[in-house]
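# Fold and geometry: a report
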Amino acid sequence: MRTTVAIIGAGPAGLLLARLLDEAGIDSVVLESRDRAHVEQRQRVGILEQSTADALRAAGAGARMDREGLPHTGIELRFDRRGHRVDFPSRTGGRSVLVYAQTEVCKDLIALRFRTGGPLLFGARALAVEDADTDRPRVRYHHGGREEVLECSYVAGCDGYWGISRAAVPPALARTYERTWPYAWLGILADVPPSHHELVYARHDRGFALLSMRPPAEGADAPVSRLYLQVPPGTEAASWSDTEIWDELDRRVETDGGRPLERGAITAKAVTPMRSWVHEPMRHGRLFLAGDAAHIVPPTGAKGLNLAVGDVVTLARALITHRDTGDPAGIDAYSADCLRRVWGAEHFSYAMTDLLHRHPDATPFDDRLRRARIDRIATCAAAETDLAEGYTGVPFP
């Protein structure tokens, strides 16, 4: 089989790239190792920046998102038993974010692909990217009980951190930068309406907490609560009882005069490790890395999905321009252009993570510095604007 662009991975990056190329008349084949049910059921949080939501709308994938997503025009910071709301539109010229799960983004893009696009092969496990530094790269993959070869002009590696795409970059040319954070998140899904209409980020001497939400499931009347606690790395989710979780959440988000959280049945528990990681370059010959195949951010800044979308919007534009004009400048600049955005998001996520979490080795002096930083956000317009601009994201070029 032959195509113009071989896309490895049917996460939001690979699926959106396929959609953008299809709209421009560039054929592609998407290879996904898992089955469709797995892709459409794996739960991922989604805070969509303004540019991400706009890109999905422009691609024709925004109807259900706009109908079911939850627009948010701010967040609340809690510290020292008080709260401070950061209003996004007033600090960013009108920008905001949208709560819409990554799972739902994938469902929408898969439906579009099957309705209007080219091949999307589930259960197709990519084995290797070969000849990436030539004008005829190919992808070996296993599908339907036998090994196949997909010949192409370009390969988009959208297969995440554990995928095979990155291995096609010669080790002598690759550089990686990493930080492993000394804490993790215990996340729960609770069958109870959110206690606050916007996300709440709480810094407490006992550790970080986040009050979030998930849009209502089909047929439901209200969103449900998605909540997080800072815990030590290696924590087993089952080691926390439901009562212990609710009690600890109440302690960490409490404000003077505030009410305890409304409690409900906890329907899921999981522990998420915290990592910051970047692979350079994001391009080798005709192989382009995108999304988690090239970078990972801690979830504090809500940047992972948005970076992936920025990558494939950049790549699609470069490929379309090259097809239409013959100009390879966008292709040649892909890695540098994406990495500029990636490192900006890594910095924002680092700053948010460091600010809001209780470091296990922090001295009293360190803690006072972090309290001074968060107090500055609450009292200084410039500091608050910096946070709002970082959270809502830099517009795509």
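As a reminder, the structure under discussion sits directly above these lines.
Cut-offs and rules
Numbers given to residues run from 1 along each chain, matching the order in which its sequence is written. Thresholds applied to this predicted model are a pLDDT of at least 70 for local features of residues and 80 or more for the giving and counting of side-chain atom pairs; totals over whole chains, interfaces and linings are not thresholded and use all residues. Think of the side-chain values as coming from all heavy atoms in the structure, minus any hydrogens and water. A pair of strands is considered paired only if DSSP assigns at least 2 bridges between the two. Helix numbers and strand numbers start at the N terminus; a helix is a DSSP run of H or I with at least 4 residues, a strand a run of E with at least 2. By definition, residues are in contact when any of their heavy atoms lie within 4.5 Å. Helix axes use the C-alpha atoms of the stretch in contact, all axes being lines fitted to C-alpha atoms, and the angles between their N-to-C directions lie in the range 0 to 180 degrees. Within this document, salt bridges are pairs made up of a side-chain nitrogen of Lys or Arg and a carboxyl oxygen of Asp or Glu, the two lying within 4 Å of each other. For every residue, the accessible area (1.4 Å probe, protein chains only) is compared with the maximum for its type, and the residue is labelled buried under 20%, exposed over 50%, or partly exposed between those bounds. Angular relationships are summarised with four words: roughly parallel below 35 degrees, roughly antiparallel beyond 145, roughly perpendicular across 65 to 115, and oblique for the angles in between. All residues other than Ala, Val, Leu, Ile, Met, Phe, Trp, Tyr, Cys, Pro, Asp, Glu, Lys and Arg, Gly among them, are scored as polar; the first ten of these are nonpolar and the last four charged. The method works on a 1 Å grid over the protein atoms by themselves. A cavity is a set of points holding a 1.4 Å probe that cannot get out, a pocket is an open set with protein on both sides within 12 Å along at least five of seven lines, and residues with an atom within 4 Å of a point line them. Grid points are joined across faces, edges and corners, and a volume is the space filled by probe spheres set on the points.

With that out of the way, let us pick up the sheet that holds strand β6 (residues 82-87). Pairing is mixed in the open sheet, where eight strands are placed in the order β6-β5-β14-β15-β16-β13-β17-β20. The sheet is open, and its two edges are formed by β6 and β20 (295-296), each paired on a single side. With seven bridges joining them, strand β13 (residues 175-191) and strand β16 (residues 224-231) adopt antiparallel strand pairing. Paired with L189 across the two strands is R226, which belongs to β16. Helix α12 (residues 381-392) contacts β5 (74-79), β6 and β14 (200-202) of the sheet and is inclined by roughly 65° relative to β6.

This part takes up the environment of H197. Within the secondary structure, H197 sits in the loop between β13 and β14. When the C-alpha atoms of H197 and T92 are compared, they prove to be 20 Å apart, with 105 residues separating the residues in sequence. Look past the residues within four positions of H197 in its chain and what remains in contact with it is H72 and M213.

What follows deals with the pattern of salt bridges. Summed over the entire model, instances satisfying the criterion amount to 37 salt bridges. Here R81 makes a salt bridge to E254, at a shortest N to O gap of 3.1 Å. Placement of the pair is R81 in the loop between β5 and β6 and E254 in the loop between α7 (242-253) and β17 (265-280), with a sequence separation of 173 residues. Among the residues examined, R81 registers a relative accessible area of 40% and is labelled partly exposed. E254 gets classed as partly exposed once you look at its relative accessible area, which sits at 40%. Salt-bridge contacts for E248 lead to R252; the nearest nitrogen and oxygen are separated by 2.8 Å. Residue E248 and its partner R252 are both found in helix α7; the two are separated by four residues, about one turn of the helix.

Time to look at the packing of helix α11 (residues 364-379) against α12. At a closest axis distance of 5 Å, the pairing of α11 and α12 adopts a crossing angle of 100°. In this view, α11 runs roughly perpendicular relative to α12, as classed from their interaxial angle. Contacts from R376, I377 and T379 of α11 reach α12 at A381, A383, E384 and L387. For the contact of α11 with α12, the per-class residue count stands at four nonpolar, one polar and two charged.

Moving on to the layout of surface pockets. Of the volumes computed, that of the second largest pocket is approximately 380 Å³. In terms of lining residues, the second largest pocket is bounded by 14 residues, among which A351, I377, A383, D386 and L387 are the most central. Among the secondary structure elements, those contributing two or more residues to the lining of the second largest pocket are α10 (334-356), α11 and α12. In terms of residue count, the dominant contributor to the lining of the second largest pocket is α10 (six residues). Split by residue class, the lining of the second largest pocket holds seven nonpolar, three polar and four charged.

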